[in-house]
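Listed below, chain by chain, are the residues.
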Amino acid sequence: MVFAGLSLTLDAGQSLLARGPNGAGKSSLLRMLAGLIPCHHGRIERQGAMVLADENLALDGNSRLKDALAFWAHMDGAHAGALEEAMDHFALLRLADLPVRMLSTGQRKRAILARLLVSPAPIWLLDEPGNGLDAASLEALGTAMARHVGKGGAIIAASHFDLPHHFDQILDLRESSAA
Amino acid sequence: MRRWFLPLLRRDLLLAWQGGGLWLPLIFLLLVASLYPFAVGPDARLLAASGGGMLWIAALLAALLPVERLITPDRDSGLFDQLLLRGVSDEMIALAKLAAHWLSFGPPLMLAVLPASALLKLDADTILRLELGLAIGTPALAALGVLVAALTAGLRSAGALAGLLALPLAIPVLIFGAGSLHPGSGAAIKFLAAITLLLVAITPIAAGAALRSGRE
């Protein structure tokens, strides 16, 4: 068991930050909310599609960055120009023709966030979105989150450090976790 | 479904093409067929009598060649997680993998059988029956490959374990596949078709369950 006695509600246009030290179960919480791992006791109600940005790249190493991202953009049915916009937001246009395997840690993270930005899903699940980002990219992440919440989207983020965004709710997993 | 199934299939085939996956079964089969006469001697009658069955063994092993590349890399890269979040089920992922695996090794293998048959002095009738048997049997071999790949995904030395797991399930395919090479063996072809249907029907469900339990 990772945690028990956990209850949270999030409305459209709200954001929640799950805080806690490494191993507190932040990632497990997000994966459970996403439906990737089963919730053995209790209930999860989702209204709306979710999109997850965790530490997994899910892009083919030998593809060019723009092709690899276009694969997901096409699958998400994103409108034309959304991908370019997202890549521009995270300063990836310069790297568009580079094979994904050549990207650095921070650039990978930005690619993951660009994929998130392209998706029209209203609920964002962010697992340590700030890891490996430089100051400028962190700021870009902050504006992206503010814009998403402003449009009526919801954000559930997990991070062990503070993110450049004002969260409506803070969940401290140190206190609520059972094991 | 069209939105994700075809792109995924196209991507898998492209990766197989780039990674040499399409040439691997072809070269493998030709290699075995050209080594075989050296091992058993150049007796044309013996080669013609045993060559067909030997090509079936080679086809079976060719299906297992890419087993480690089928599921594990995509599972580890988070590709499956992203597909699941977009409403694709584990079973459908396994089905897409099955289709892509068959497309990337079935048709090239059937092509490679033609020059390989010439090396083994098979007659025209045997070649025809071999091609028919492979057309019916290779989906079963592809299903088997995906099934054991999903079952062993994430384990150490998954390739060796996958081979051991596939072996008992592959024996019926081999028996009826090689059995269909003799004249008047309509029953063997029908049994082969039955096994193919069974494996193709079971694989998405069993591999999907394996993927799901592998996430916990």
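Residues numbered from 1 in each chain as written. Chains lettered and ligands numbered in written order. Predicted model: local features only at pLDDT ≥ 70, side-chain atom pairs only at ≥ 80, totals over all residues.

*Asks:* Can you explain the overall build of chain A? Please cite residues and give values.
*Replies:* Regarding its fold elements, chain A presents six helices and five strands. In sequence order, the secondary structure elements of chain A are arranged as β-α-β-α-α-α-β-α-β-β-α. Taken over the C-alpha atoms alone, chain A extends approximately 50 × 30 × 30 Å along its principal axes. Here chain A holds 179 residues, and the buried ones make up 40% of them. Taking as baseline every contact in chain A between residues at least 6 positions apart, the subset at least 24 positions apart corresponds to 79%. (Helix = DSSP H or I, 4+ residues; strand = E, 2+ residues; numbered from the N terminus. Buried ≥ 20, exposed ≤ 12 C-beta atoms within 10 Å, placed from the backbone. Contact = placed C-beta atoms within 7 Å.)

*Asks:* Tell me about the overall build of chain B, and name the residues and values.
*Replies:* Along the backbone of chain B there are ten helices and zero strands. Taken from the N to the C terminus, the helices and strands of chain B come in the order α-α-α-α-α-α-α-α-α-α. Scaling as 2.2 N^0.38, a compact globule of 216 residues should have a C-alpha radius of gyration of about 17 Å, and chain B matches this with 18 Å. In terms of overall dimensions, chain B has a C-alpha envelope of 60 × 35 × 30 Å along the principal axes. Taken over 216 residues, chain B has a buried fraction of 44%. For chain B, the share of sequence-separated contacts (at least 6 apart) that also reach a separation of at least 24 residues comes to 84%. (Rg over C-alpha atoms; globule rule 2.2 N^0.38 Å.)

*Asks:* Talk me through the confidence of the model for chain B; I want residue IDs and the actual numbers.
*Replies:* In this model, chain B carries an average pLDDT of 91, and 99% of its residues clear a pLDDT of 70 or more. For this predicted complex, the interface score ipTM comes out at 0.90, while the overall pTM is 0.91. (pLDDT = per-residue confidence, 0-100.)

*Asks:* Go over the nonpolar core with me, naming the residues and quoting the values.
*Replies:* Ranked by size, the top nonpolar core spans 117 residues in total, and within it Ala114 and Leu125 of chain A together with Leu29, Ala59, Leu144, Val146 and Ala150 of chain B carry the most contacts. Among the elements that take part in this core, helix H8 (residues 124–152) of chain B stands out by supplying 15 residues, more than any other. (Core = buried A, V, L, I, M, F, W, Y, C linked by C-beta atoms within 7 Å.)

*Asks:* Before we move on, can you summarise helix H3 (residues 82–89) of chain A with the specific residues and values?
*Replies:* Residue and element names in this part refer to chain A. Leu83, Ala86 and Met87 are the residues of H3 that are buried. Take H3 and look down its axis: the buried residues cluster within an arc of 100°, on one side only. At its buried positions, H3 is contacted by helix H2 (65–75) and helix H4 (105–118). Alanine 91 sits one or two positions beyond H3 and adopts a positive phi of about 55°. (Arc of directions from axis to C-beta.)

*Asks:* How would you explain unusual backbone geometry if you had to name every residue and give the values?
*Replies:* Phi angles above zero are rare outside glycine, and alanine 58 of chain A is one such case at about 55°. With respect to the helices and strands, alanine 58 of chain A occurs in the loop between strand E2 (50–53) and H2. Of the residues examined, alanine 58 of chain A has 22 C-beta atoms within 10 Å and is grouped as buried. At lysine 121 of chain B, a residue that is not glycine, the phi angle is positive and equals roughly 55°.

*Asks:* Account for the interface of chain B and chain A, naming residues and giving values.
*Replies:* With 16 residues of chain B at the interface, the matching set in chain A holds 17 residues. Looking at the side of chain B that touches chain A, the elements that each hand over two or more residues are helix H1 (2–18) and helix H6 (79–85) of chain B. With six residues, the top contributor of residues to the side of chain B that touches chain A is H1 of chain B. Residues belonging to the side of chain B that touches chain A are distributed by class as follows: six nonpolar, four polar and six charged. (Nonpolar A, V, L, I, M, F, W, Y, C, P; charged D, E, K, R; others polar.)

*Asks:* Which residues make up the sheet that holds strand E4 (residues 154–159) of chain A, and what are the values?
*Replies:* Strands belonging to one sheet form pairs held by backbone hydrogen bonds; the direction of such a pair is parallel or antiparallel. All names here are of chain A. The strand order across the open sheet built from five strands is E2-E3-E4-E1-E5, with neighbouring strands paired in parallel fashion. Lying at the two open borders of the sheet, with one neighbouring strand each, are E2 and strand E5 (169–172). Sheet twist, expressed as the average angle between the axes of neighbouring strands with direction ignored, equals 15°. Alignment of strand E3 (residues 123–127) against E4, held across five bridges, turns out to be parallel. By the bridge assignment, tryptophan 124 is partnered in E4 with isoleucine 155. Sheet strands touched by helix H5 (residues 135–150): strand E1 (15–19), E3 and E4. Its angle to E4, the strand with the most contacts, is close to 145°. (Pairing = 2+ DSSP bridges. Axes fitted to C-alpha atoms, helices over the stretch in contact; angles between N-to-C directions.)

*Asks:* Can you lay out the packing of helix H2 (residues 23–40) of chain B against helix H3 (residues 44–64) of chain B for me, pointing to particular residues and giving the numbers?
*Replies:* How two helices sit against one another is set out by the angle between their axes and by the gap between those axes. Residue and element names in this part refer to chain B. Following both chains from N to C, one finds H2 and H3 inclined at 145°, their axes separated by 10 Å at the closest point. Crossing handedness for the pair H2 and H3: right-handed. In contact with Pro25, Phe28, Leu29, Val32, Ala33, Tyr36, Pro37 and Val40 of H2, H3 contributes Leu46, Leu47, Met54, Leu55, Ala58 and Ala62. (Left-handed = near helix turned anticlockwise from the far one by under 90°.)

*Asks:* Explain helix H7 (residues 90–119) of chain B residue by residue, including any values.
*Replies:* Residue and element names in this part refer to chain B. For H7, built from 30 residues, the straight-helix expectation of 44 Å at 1.5 Å per residue is met to within 8% by its first-to-last C-alpha distance of 43 Å. The sharpest bend along H7 comes to roughly 30°, located at valine 113, with the proline proline 115 sitting one to four residues further on. Positive backbone phi, at 55°, marks lysine 121, one or two positions downstream of H7. (Expected span 1.5 Å × (residues − 1). Bend = angle between axes of the 7 residues up to and from the residue.)

*Asks:* Any chance you could break down the environment of alanine 121 of chain A for me, citing the residues and the numbers?
*Replies:* All names here are of chain A. Note that alanine 121 resides in the loop between H4 and E3. Each C-alpha atom of the pair alanine 121 and leucine 52 lies 9.7 Å from the other, and the pair is 69 residues apart in sequence. Ignoring anything within four residues of it in the chain, the contact list for alanine 121 reads Ala49, Met50 and Val51.

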